[in-house]
Amino acid sequence: MTKLTRRGFMASLAAAGAVRAVPIVGAKLGGRRILTLVYDKSMGMMRAVERWVP
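Residues numbered from 1 in each chain as written. Predicted model: local features only at pLDDT ≥ 70, side-chain atom pairs only at ≥ 80, totals over all residues. Heavy atoms only, no water.

1. Considerations on the environment of Glu50
- Within the secondary structure, Glu50 sits in strand E2 (residues 45-53).
- Each C-alpha atom, one on Glu50 and one on Leu37, is 8.8 Å from the other, the two residues being 13 residues apart in sequence.
- Ignoring anything within four residues of it in the chain, the contact list for Glu50 reads Arg33, Ile34 and Leu35.
- Within the structure, Glu50 has its side chain in polar contact with the side chain of Arg33 (distance 3.1 Å). (Helix = DSSP H or I, 4+ residues; strand = E, 2+ residues; numbered from the N terminus. Contact = heavy atoms within 4.5 Å. Polar contact = N/O pair within 3.5 Å; in protein donor to acceptor, adjacent residues only side chain to side chain.)

Encoded structure:
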């Protein structure tokens, strides 16, 4: 397991908060969610990127 720095902890905390808040905002605004897979060189693996389209 990797060591979690203060900066990494804050980033993961912000990401977790965004995951909870974004669906609520998206439901109010309407539109469609588009999910794409991209290769992240820094992580060395594929990751999902979600965006809203009105």
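2. Observations concerning the pattern of salt bridges
- A complete count under the given rule lists 2 salt bridges for this structure.
- In this structure, Glu50 and Arg33 form a salt bridge, with 3.1 Å as the shortest nitrogen-oxygen distance. One end of the pair, Glu50, is in strand E2; the other, Arg33, is in strand E1 (residues 32-40), and 17 residues separate them in sequence.
- Glu50 sits in the partly exposed class, given a relative accessible area of 43%. (Salt bridge = Lys/Arg side-chain N within 4 Å of Asp/Glu carboxyl O. Buried < 20%, exposed > 50% of the residue type's maximum accessible area, 1.4 Å probe, protein only.)

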